[in-house]
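Residues per chain are reported as follows:
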Amino acid sequence: MQIVGYASLDPALFVAEAGSVERMDLAPGTELAYTLGERHCAGTTTDDGTHHPCERERAPYCELHSTPWSVANNADSEEEHAVYLAGFAPRTFKVGVTRSWRLDTRLREQGADRAAHVLTTSDGRAARDRETQISTEYGVTERVRVATKIRGLAEPFDEVAWDALLDSFEVHEAFTFEYGLDPEERPVAETLLCGTVVGLKGRILLLSYRGTTYAVDCRDLVGYDLEPGAPDRDLQASLGGFG
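Note that the structure is a prediction, hence the values are computed from the model and not measured.

**Let's talk about the layout of surface pockets**
Point 1. Its boundaries defined by the atoms lining it, the second largest pocket holds a volume of some 320 Å³.
Point 2. Its residues assigned to classes, the lining of the second largest pocket comprises 9 nonpolar, 2 polar and 6 charged.

So, in structure tokens, the structure goes:
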């Protein structure tokens, strides 16, 4: 079995075996007990659900199976685009773009705590230009690393700083997202697939295992071969895990 993809809105991992792909549910309360084996390219999955494996070492995708930047970022799209601001606890703000009809979905995929649609453009290239201008003028980033999002998981969101940023824009629509995750302390960043599912925030999977809550980047799981059973390696534990 190999992990070949994930879904954050209807939480699941996609696991391929012998050419077919099955859905592994990640609903809260789901019990998982797998050990991660070797990692290699996740290959491709066709529209009919057939998986074509790839043994190249580069993961999650090798150079033959990577999506070009211009395609992944809609740089050449002639569809209407939304320019948005997104906020992540406690005080990380970014500017981004997406096709207008995907706005709500894109924000949830990123695990944003707050967001605001501030501009509409006629195509992807114009949206990218405005994104860069806003980033430069207002000092907000165009990318937020998963590690930064994990560090903010147990922190309150800075509403005052967020409102101050929005004062400079015409807000077409505002968003507040709740994910049902309320860790008392910052989860430990780790790559594993064992424990009880707490929930998902964007692509960050929270797992409770042996008294510690772990934060797992689902993208970091893609490409791994799976073996049934809990891992036998030592894992970093939170202070609560020793209680």
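**Describing the state of the cysteines**
Point 1. The final tally for this structure, using the stated rule, is 0 disulfides.
Point 2. Free cysteine Cys 194: the closest other cysteine sulfur is in Cys 218, separated by 15 Å.
Point 3. Overall, the relative accessible area of 3% leaves Cys 194 in the buried class.

**Looking at the side chain of Arg 128**
Point 1. Tracing the sequence through the fold places Arg 128 in helix 3 (residues 124-138).
Point 2. At 2.8 Å, the side chain of Arg 128 and the side chain of Glu 131 are in polar contact.

**A look at helix 5 (residues 159-166)**
Along an α-helix, residues three or four apart share an orientation, since each turn contains 3.6 residues.
Point 1. Taken together, the buried positions of helix 5 are occupied by Ala 161, Trp 162, Leu 165 and Leu 166. When helix 5 is viewed along its axis, its buried side chains cluster within an angular range of 135 degrees and face the same direction.
Point 2. Contact partners of the buried residues in helix 5: strand 7 (81-88), strand 8 (92-99), strand 9 (114-121) and helix 3.
Point 3. Structurally, the start of helix 5 carries an N-cap: the backbone nitrogen of Val 160 is 3.3 Å from a side-chain oxygen of Asp 158.

**Here's the deal with the pattern of salt bridges**
Side chains that differ in sign of charge can pair as their charged atoms come close.
Point 1. Evaluation of the coordinates by the stated rule reveals 10 salt bridges.
Point 2. Asp 113 is the salt-bridge partner of Lys 201, the closest N and O atoms lying 2.8 Å from each other. Of this pair, Lys 201 sits in strand 12 (residues 193-201) while Asp 113 sits in the loop between helix 2 (103-110) and strand 9, placing them 88 residues apart in sequence.
Point 3. Through salt bridges that share partners, Asp 10, Arg 23 and Asp 25 make up one connected network.

**Side note on the environment of Glu 78**
Point 1. Topologically, Glu 78 is positioned in the loop between helix 1 (69-72) and strand 7.
Point 2. For Glu 78, a relative accessible area of 74% puts it in the exposed group.
Point 3. As for Glu 78 and Gly 124, which are separated by 46 residues in sequence, their C-alpha atoms are 6.2 Å apart.

**Concerning helix 3**
Point 1. With 15 residues, helix 3 should reach 21 Å at 1.5 Å per residue; the first-to-last C-alpha distance of 21 Å fits that figure.
Point 2. At its buried positions, helix 3 is contacted by strand 7, strand 8 and strand 9.
Point 3. Two or three places before Arg 125, at the start of helix 3, stands the capping residue Asp 123, its side-chain oxygen 3.2 Å from that residue's backbone nitrogen.
Point 4. At the C-terminal side of helix 3, Gly 139 shows a positive phi close to 65 degrees.

**Describing unusual backbone geometry**
Point 1. Cis peptide bonds are those with omega within 30 degrees of zero, and the linkage from Ala 59 to Pro 60 qualifies with 5 degrees.
Point 2. A cis geometry characterises the amide bond from Ala 89 onward to Pro 90, with omega recorded as -5 degrees.
Point 3. The residue Pro 90 is located in the loop between strand 7 and strand 8 in this model.
Point 4. Residue Ala 18 is not a glycine yet carries a positive backbone phi of 55 degrees.
Point 5. A positive phi angle is found at Arg 210, which is not glycine, with a value near 55 degrees.
Point 6. Note on placement: Arg 210 falls in the loop between strand 13 (204-209) and strand 14 (212-217).
Point 7. According to the relative accessible area criterion, Arg 210 is exposed, its value standing at 65%.

**With respect to the pairing of strand 8**
Point 1. Judged by how many residues are buried, strand 8 sits mostly within the fold: 7 of 8 residues are covered.
Point 2. Linking strand 7 back to strand 8 in an antiparallel pair, the connection comprises 3 residues.

**Overview of empty space enclosed by the protein**
Point 1. Under the defined criterion, the tally for this structure stands at 1 cavity of 30 Å³ or more.
Point 2. When its volume is computed, the largest cavity comes out at roughly 40 Å³.
Point 3. Looking at the largest cavity, the residues that line it are Phe 88, Ala 89, Gly 111, Asp 113, Lys 149, Gly 152, Leu 153, Lys 201 and Ile 204.
Point 4. Considering only residue class, the lining of the largest cavity consists of 4 nonpolar, 2 polar and 3 charged.

Conventions we followed
- Residues numbered from 1 in each chain as written.
- Predicted model: local features only at pLDDT ≥ 70, side-chain atom pairs only at ≥ 80, totals over all residues.
- Heavy atoms only, no water.
- 1 Å grid on protein atoms, 1.4 Å probe; cavity = no way out; pocket = protein on both sides within 12 Å on 5 of 7 lines; lining within 4 Å.
- Points joined across faces, edges and corners; volume = space filled by probe spheres on them.
- Nonpolar A, V, L, I, M, F, W, Y, C, P; charged D, E, K, R; others polar.
- Disulfide = S-S within 2.5 Å.
- Buried < 20%, exposed > 50% of the residue type's maximum accessible area, 1.4 Å probe, protein only.
- Helix = DSSP H or I, 4+ residues; strand = E, 2+ residues; numbered from the N terminus.
- Polar contact = N/O pair within 3.5 Å; in protein donor to acceptor, adjacent residues only side chain to side chain.
- Arc of directions from axis to C-beta.
- Contact = heavy atoms within 4.5 Å.
- Salt bridge = Lys/Arg side-chain N within 4 Å of Asp/Glu carboxyl O.
- Expected span 1.5 Å × (residues − 1).
- Pairing = 2+ DSSP bridges.

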